[in-house]
Amino acid sequence: MLLLILCCAQALAAVGTLQAFEGDIRVVAAGGERAAQNGMELNEGDTVVTGRNSTAQLRMADDGVIAMRPDSRIAIDTFHWEGKEDGLERSVLSLVKGGFRAITG
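Reading the values: rules and limits
- Residues numbered from 1 in each chain as written.
- Predicted model: local features only at pLDDT ≥ 70, side-chain atom pairs only at ≥ 80, totals over all residues.
- Heavy atoms only, no water.
- Salt bridge = Lys/Arg side-chain N within 4 Å of Asp/Glu carboxyl O.
- Buried < 20%, exposed > 50% of the residue type's maximum accessible area, 1.4 Å probe, protein only.
- Pairing = 2+ DSSP bridges.
- Helix = DSSP H or I, 4+ residues; strand = E, 2+ residues; numbered from the N terminus.
- Axes fitted to C-alpha atoms, helices over the stretch in contact; angles between N-to-C directions.

Trainee: How should I be thinking about the pattern of salt bridges in this particular structure?
Mentor: Where charged atoms of side chains with opposite charge meet at close range, the side chains can pair. Summed over all chains, the structure comprises four salt bridges. The residue arginine 26 makes a salt bridge to glutamate 33 at a minimum N-O spacing of 3.6 Å. The partly exposed category is assigned to arginine 26, whose relative accessible area is 27%. A salt bridge links arginine 59 to aspartate 63; the shortest N-O distance between them is 4.0 Å.

What follows is the structure, encoded as structure tokens:
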């Protein structure tokens, strides 16, 4: 039972935050859509959507930064980071539409 709780807690841990944004930004997840707020947590499975003339900066748990361009959509498919480089770190982001620039952590 304790193992199950630990696994679920790890799965729910934030993989990044919405560091800054301008304009119409939405975060879409299986549970619905959330209004964007500076500092809001991002999780695996979230999709960040920038509107027309809107930009967003995401700071990931490994200190990487993703700068999203206007009219873009990025899905956070997988993100695994335990706080150190150990060969187990992994991230998969899907650029569904638009453009972005990434700076590694």
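So much for the structure itself; the text now carries on.
Trainee: For this particular structure, what's the right way to read the sheet that holds strand β5 (residues 47-50)?
Mentor: Within a beta sheet, neighbouring strands are joined by backbone hydrogen bonds and run either parallel or antiparallel to one another. Ordered in space as β3-β2-β5-β8-β9, the five strands form an open sheet in which the pairing is antiparallel. Where the open sheet ends on each side, the last strands, each with one partner, are β3 (32-35) and β9 (90-97). Averaged over all adjacent pairs, the angle separating strand axes in this sheet is 25°, with direction ignored.

Trainee: Please explain the pairing of strand β7 (residues 65-68) as it appears in this structure.
Mentor: Across a regular strand the side chains alternate sides, sitting on one face of the sheet and then on the other. Here four bridges tie strand β6 (residues 55-60) to β7, and the two strands are oriented antiparallel to one another. Looking across to β7, one finds that leucine 58 is bridged to isoleucine 66. In this structure, the hairpin formed by β6 and β7 is closed by a connection of four residues, where aspartate 63 is found at a positive phi of approximately 70°. Pairing analysis gives four bridges linking β7 to strand β10 (residues 100-103), with the strands arranged antiparallel.

Without other data, these values stay purely geometric and don't point to any function.
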